[in-house]
Structures are given as C-alpha cells and as structure tokens.
Amino acid sequence: PGICSRKVDWNKRDQQMSSAIARARARLLEHEASNTPTRINRQRLLTEIAHGTRLSLEQLKRLPQTRIALESMVDTPASYAMRRAPWAADQLHTTERRLGFARFVEYGDLRYDCARCSAARAIAMAAWQAYRRKIDSSHITPIHPHRSAA
C-alpha cells in the first residue's frame, strides 16, 4: 500500500494514444469548421490529448502506432493549404476585397507553404482562381486604396 508501480503496458498505451491522436485531429478540424484554420502540428495534437504532456524520443520508440499516427495526422504544406486557401477565398469574397495572387497568399497565411511545396502553391493558385471567378461573377469593383475617387 502506498507504493506506486512504474510498470507500463506499452502496447495498451500505444493503442490508446494512437486512437486519441486521431480523435484529437477530428476535434480540431470540427472546431475549425467555424473558425480560422490553423496548422495542426505534432505538439498541438499532443497538447490536445495529454494537456501538454511531452513524449520523449525514448517513449516514442516504445509507441510505434502513436509515432505513425502523429506522422500521418500533422499537416503537410499541401494539406494545410487545402484547408486554408478555400477559407481565405471565402473570407475575401465576403469582404468584397479583390487581391492579386501574392496578397491572397499573404492573407491566407500560405507564404511559407507556397515557397516550400509546389503542391501547396498549386492548391493556393486554384483557390485564388476560384476566388477571382467569384469576384468577377459578383461584379465587385476592384479596390484601389491609393487612388482617390474623383
């Protein structure tokens, strides 16, 4: 009595944590449906499931399913762009702003991704083109902040 056992069933913990990571990503994406998309990284997933508990490399060696789940559930530049670019297009369309591609990428916080990943750049370009088609079909006058109305 009073003595804490340090034996850990690593297989059981591995199964629990790997499924918890999948549920955490689903919760984050569900929350994101009504909010601004943010990058899902390893630390964010671990914080979501363990309230900030960090896993050491030694522990991760004992948790192969958890390690694989973490690797597959974090955002790549392309997966982040797939969520973020359409959001940026919708936000800009509702505010009736008309921007070029570079400003669209900046507004969507895609600069880093587009510079490092050709797939992310292609996704951002497709979203920007869709955004421009929406703007053009709405007959929204381009905003020229440096021109005064005469």
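What counts as what
- Residues numbered from 1 in each chain as written.
- Predicted model: local features only at pLDDT ≥ 70, side-chain atom pairs only at ≥ 80, totals over all residues.
- Heavy atoms only, no water.
- Helix = DSSP H or I, 4+ residues; strand = E, 2+ residues; numbered from the N terminus.
- Buried < 20%, exposed > 50% of the residue type's maximum accessible area, 1.4 Å probe, protein only.
- Contact = heavy atoms within 4.5 Å.
- Core = buried A, V, L, I, M, F, W, Y, C linked by side-chain atoms within 4.5 Å.

K.L.:
Talk me through the overall build of the protein; I want residue IDs and the actual numbers.
P.N.:
Within the protein, the regular secondary structure consists of eight helices and zero strands. Secondary structure elements of the protein occur, N-terminal to C-terminal, as α-α-α-α-α-α-α-α. Relative to its 150 residues, the protein shows a buried fraction of 32%. Looking at the protein alone, contacts between residues at least 24 apart form 69% of all its contacts between residues at least 6 apart.

K.L.:
An account of the nonpolar core is needed here, citing residue identities and associated values.
P.N.:
Phe104, Val105, Leu110, Ala124 and Tyr131 are the most contacted members of the largest nonpolar core, which has 21 residues in total. Broken down by secondary-structure element, the contributors of at least two residues to this core are helix H5 (77-94), helix H6 (101-107) and helix H8 (118-138). Among the elements that take part in this core, H5 stands out by supplying eight residues, more than any other. Counting residues in each nonpolar core, the second largest holds 13 residues, with Trp10, Met17, Leu60 and Leu70 among its members.

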